[in-house]
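Chain by chain, the residues run as shown.
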Amino acid sequence: MRTQFPDNFLWGGAISACQAEGAYNVDGRSMTIPDVTMYNKKLDRKITKQVSFTREAIEVAKKDLDDTMYPKRRGIDFYYTYKEDIALLAEMGFSVFRFSIAWSRVFPNGDDTTPNEKALEYYENVIDECLKHNMEPLITISHFDMPLVLMEKFGGWYNRKLIDLYLNYCETIFTRYRGKVKYWVTFNEINMSIKAGPKTLGIINEGFDNYEEALFQGIHNQFVAAAKATKLAHEIDNNNKIGCMVAYFTTYAHTCKPDDVMKMLYDDRMRNQFYLDVQAKGKYPWYMDRYFTENNINIKMEDGDLEVIKENTADFIGFSYYMSMISSADATNLEITSGNVMNVLKNPYLEGSEWGWQIDPVGLRYTLNTVYDRYEKPMFILENGIGLLDKLNEDGTINDEGRVDYHRRHFEAMKEAIKDGVDLIGYTMWGPIDIISSGTSEMSKRYGFIYVDQDDFGNGSKKRYKKDSFYWYKNVIKTNGEDLGDVK
Ligand code: BG6
């Protein structure tokens with residue numbers, strides 16, 4: 001029986017290009033969906049809304065040269081500050097740093113015959129900086145930053161042409177960074193696509209008789225692309241480890257009423273298991289037949305698609321975990337709270353964050369156990385954390401005991417899961433340095449152990465400050481998760 005974190009456990013944090021880099025129009029980069037996503041002033045913090053995209057709205061946003069209301073265009077300037085920022089992560093003792101490459105930097109026109117050398121050099125510098133500090137770079141190939149040209153020219157992932165373009169992009173980066181990068185994730189939270197079609201698949205709801213069918217087509221094309229990329233990565237360097245990834249929406253039954261339990265099973269399959277079954281078991285699960293038939297969903301596949309999916313499953317299961325939710329056969333009178341991408345039913349036993357996301361460390365242990373049980377592949381927690389409203393004190397300190405408490409309780413749950421026998425290989429908490437929120441484009445929803453002095457509208461010095469949690473996490477890593485004790 002294992003009683004503690006393994007010696008080679010990877011401790012670190014994760015960011016994405018579109019939330020951190022800024023420099024959206026620099027060195028040849030083309031525009032992406034996040035660049036035309038506005039900060040929503042009217043957003044009710046308790047209930048998140050999905051931004052809906054139309055072609056007209058995108059055109060207007062593209063031409064809007066005032067960047068104030070488009071926070072992801074500026075990020076936190078990581079494009080320029082990566083050296084100082086990575087040094088701070090190294091000071092905490094990170095052994096892994098997860099970040100993403102912006103496809104729109106490497107192939108700005110989507111179908112360019114040669115990659116943009118400036119982009120390749122930039123990411124090589126970032127990778128070298130990680131290696132200099134003995135950090136494994138873990139790269140997400142596509143993290144919620146759909147290049148607009150791929151939507152405009154090809155209609156996004158609905159079009160199979162994107163599989164070839166994605167593979168060309170993968171071949172370019174696998175070859176260029178061979179021997180330097182070992183850990184890759186094909187798509188960030190591939191299961192978000194069904195809730196956020198334009199954002200992750202670049203498929204706009206126009207001209208389709210059945211939009212849901214179009215989304216499942218896009219998801220199928222991503223499955224094929226991910227499987228082919230996994231094959232390619234292994235051919236280019238057999239040391240490569242390729243992960244799939246879902247946002248795990250851990251779901252409990254509202255009561256022990258059998259109807260509620262059946263609803264839980266259904267939700268778990270539709271939200272989570274389907275995506276992992278395809279990518280980790282290598283086959284479309286039998287239970288989807290009924291759903292596809294009853295909803296008139298007919299996915300077009302080509303010869304060889306199912307074989308490539310079968311033969312190239314992921315090396316590890318990556319997932320993000322922020323919260324849990326409940327399912328009920330009759331939700332009429334139940335309270336609702338906001339969650340990641342969608343509103344969910346409130347669990348009366350759990351507290352929520354300022355943004356309503358329900359805090360559930362035990363759910364992490366449950367998720368690690370159930371997912372490991374189902375696939376028996378190494379598990380990697382690729383995101384976890386809490387968005388808080390932090391206050392910078394006059395003396396430059398930030399007291400964020402709430403964040404420490406959140407992580408401490410989740411680390412205890414991870415330890416228990418390891419004792420249970422789960423093969424957990426790494427943990428990259430979300431946003432070790434404050435970045436722009438994905439869902440709301442706010443700066444004030446902060447996850448970091450490092451504070452960035454910038455407000456929602458881009459005002460501030462952008463200076464970095466260490467929060468109390470910085471020192472706490474440093475000690476956790478130093479003791480390999482043994483000492484979860486004091487803040488300082
Ligand atoms: C995950 C995404 O779903 O949630 C991240 O992969 C995102 O990109 C994170 O930032 C937290 O969500 P938010 O909306 O609080 O930034």
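Computed from a prediction, not measured in an experiment: that's the story for all the values here.

(A) The arrangement of the UniProt feature "active site" (unreviewed entry) in the protein in detail. In this numbering, the UniProt entry assigns the feature "active site" (unreviewed entry) to Glu 383. Mapped onto the secondary structure, Glu 383 falls in strand β11 (residues 379-383). Among all residues touching Glu 383, those that are not within four sequence positions of it are Arg 98, His 143, Asn 188, Glu 189, Met 245, Phe 319, Ser 320, Tyr 321, Tyr 322, Thr 428 and Trp 430. Within the structure, Glu 383 has its side chain in polar contact with the side chain of Tyr 322 (distance 2.5 Å).

(B) Representation of the side chain of Thr 37. By the element assignment, Thr 37 lies in the loop between α1 (17-20) and α2 (55-63). A relative accessible area of 8% places Thr 37 in the buried class. Within the structure, Thr 37 has its side chain in polar contact with the backbone oxygen of Ile 33 (distance 2.8 Å).

(C) The packing of helix α10 (residues 211-236) against helix α11 (residues 258-281), seen in detail. Close contact between α10 and α11 brings their axes to 10 Å; oriented N to C, the two are set at 30°. When the interaxial angle is binned, α10 and α11 end up roughly parallel. α11 is crossed by α10, and the crossing has right-handed handedness. In contact with Phe 216, Ile 219, Phe 223 and Ala 226 of α10, α11 contributes Phe 274, Tyr 275, Val 278 and Gln 279. The class makeup of the residues in the contact of α10 with α11 is 7 nonpolar, 1 polar and no charged.

(D) Structural context of the site of the ligand. Every one of the 16 residues lining the ligand counts as a neighbour, but Glu 189, Ser 438, Gly 439, Lys 445 and Tyr 447 are closest to it. Protein coverage of the free-state accessible area of the ligand, which is 380 Å², stands at 98%. Residue composition of the shell around the ligand, grouped by class: 6 nonpolar, 7 polar and 3 charged.

(E) Structural detail: unusual backbone geometry. In this structure, Phe 144 takes a positive phi of about 50° despite not being glycine. Unusually for a residue other than glycine, Val 341 sits at a positive phi of about 75°. Secondary-structure assignment places Val 341 in the loop between β9 (336-338) and β10 (343-345).

(F) Representation of the environment of Ile 194. Summarising the element assignment, Ile 194 is placed in the loop between β4 (183-185) and α9 (197-201). Among residues more than four places away in sequence, those in contact with Ile 194 are Glu 212, Leu 215, Phe 216, Ile 219 and Tyr 275.

(G) Geometry of the side chain of Gln 454. Summarising the element assignment, Gln 454 is placed in the loop between β13 (450-452) and β14 (464-466). Classification of Gln 454 as buried rests on a relative accessible area of 1%. Once you skip the residues sitting within four places of it in the chain, Gln 454 turns out to touch Arg 74, Gly 75, Ile 76, Ile 436, Met 443, Arg 446, Asn 459, Gly 460 and Lys 462.

(H) Representation of the sheet that holds strand β7 (residues 316-320) in the model. Strand order in the closed barrel made by the 8 strands is β1-β2-β3-β4-β5-β7-β11-β12, with parallel pairing throughout. Within this sheet the neighbouring strands show an average axis-to-axis angle of 25°, counted without direction. Strand direction decides the pairing type here: strand β2 (residues 96-100) and strand β3 (residues 136-140), joined by 5 bridges, are parallel. Pairing of Ser 100 across the sheet is with Thr 140, part of β3. Packing of α11 onto the sheet brings it into contact with β5 (241-247) and β7, and relative to β5 it is tilted by some 165°.

(I) Structural view of the pairing of strand β8 (residues 324-327). Taking every second residue as pointing to the same face, both faces of β8 are buried, with Ser 324 and Ile 326 on one and Met 325 and Ser 327 on the other. Pairing of strand β6 (residues 250-253) with β8, which is carried by 4 bridges, proceeds in the parallel orientation. Residue Thr 250 lies in a different strand from β8, and its bridge partner there is Ser 324.

(J) Region of interest: α11. Spanning 24 residues, α11 covers only 28 Å between terminal C-alpha atoms, well under the ideal 34 Å at 1.5 Å per step. At Gln 273, α11 is deflected by roughly 55°, the largest bend along its length. Note on α11: the residue one or two positions beyond its end, Gly 282, has a positive phi of about 85°.

(K) Structural view of the state of the cysteines. All told, the structure shown has 0 disulfides when counted by the stated rule. Cys 18 carries a free sulfur, and the closest cysteine sulfur to it, the one in Cys 170, is 17 Å from it.

(L) The arrangement of the pattern of salt bridges in detail. Inspection of the entire model under this criterion finds 34 salt bridges. Between Asp 128 and Lys 180 there is a salt bridge, and its shortest N-O distance comes to 2.8 Å. In this pair, Asp 128 sits in helix α6 (residues 117-132) while Lys 180 sits in the loop between α8 (161-176) and β4, placing the two residues 52 residues apart along the sequence. According to the relative accessible area criterion, Asp 128 is partly exposed, its value standing at 31%. A relative accessible area of 27% means that Lys 180 is categorised as partly exposed.

(M) Seen up close, the packing of α6 against α8. Two numbers describe how α6 lies on α8: the axes approach to 11 Å, and their chain directions differ by 45°. By the angle class used here, α6 and α8 are oblique. Relative to α8, α6 is oriented so that their crossing is right-handed. Here Glu 117, Leu 120, Glu 121 and Glu 124 of α6 come into contact with α8, specifically with Thr 172, Ile 173 and Arg 176. Classifying every residue of the contact of α6 with α8 by side-chain character gives 2 nonpolar, 1 polar and 4 charged.

(N) The arrangement of the environment of Thr 114 in detail. Here Thr 114 shows up in the loop between α5 (103-106) and α6. For Thr 114, a relative accessible area of 55% gives the class exposed. Thr 114 sits 54 residues away from Asn 168 along the chain, and the two C-alpha atoms are 9.8 Å apart.

(O) Structural context of the nonpolar core. Counting residues in hydrophobic clusters, the biggest one holds 146 residues, and the most contacted among them are Met 414 and Tyr 473. With 14 residues, α10 is the largest single contributor of residues to this core. Residues contacting Met 414, with those up to four places away along its chain left out, are Phe 5, Phe 9, Trp 11, Leu 364, Leu 368, Ile 381, Leu 424 and Tyr 427. Grouped together as the second largest cluster of nonpolar side chains are 9 residues, Leu 138, Tyr 183, Val 185 and Leu 382 included.

Cut-offs used in this document
- Residues numbered from 1 in each chain as written.
- Predicted model: local features only at pLDDT ≥ 70, side-chain atom pairs only at ≥ 80, totals over all residues.
- Heavy atoms only, no water.
- UniProt positions renumbered as here; feature names shortened; annotations may be inferred.
- Helix = DSSP H or I, 4+ residues; strand = E, 2+ residues; numbered from the N terminus.
- Contact = heavy atoms within 4.5 Å.
- Polar contact = N/O pair within 3.5 Å; in protein donor to acceptor, adjacent residues only side chain to side chain.
- Buried < 20%, exposed > 50% of the residue type's maximum accessible area, 1.4 Å probe, protein only.
- Axes fitted to C-alpha atoms, helices over the stretch in contact; angles between N-to-C directions.
- Parallel < 35°, antiparallel > 145°, perpendicular 65-115°, else oblique.
- Left-handed = near helix turned anticlockwise from the far one by under 90°.
- Nonpolar A, V, L, I, M, F, W, Y, C, P; charged D, E, K, R; others polar.
- Near = heavy atom within 4 Å.
- Areas by Shrake-Rupley, 256 points an atom, 1.4 Å probe, with all protein chains shown as cover.
- Pairing = 2+ DSSP bridges.
- Expected span 1.5 Å × (residues − 1).
- Bend = angle between axes of the 7 residues up to and from the residue.
- Disulfide = S-S within 2.5 Å.
- Salt bridge = Lys/Arg side-chain N within 4 Å of Asp/Glu carboxyl O.
- Core = buried A, V, L, I, M, F, W, Y, C linked by side-chain atoms within 4.5 Å.

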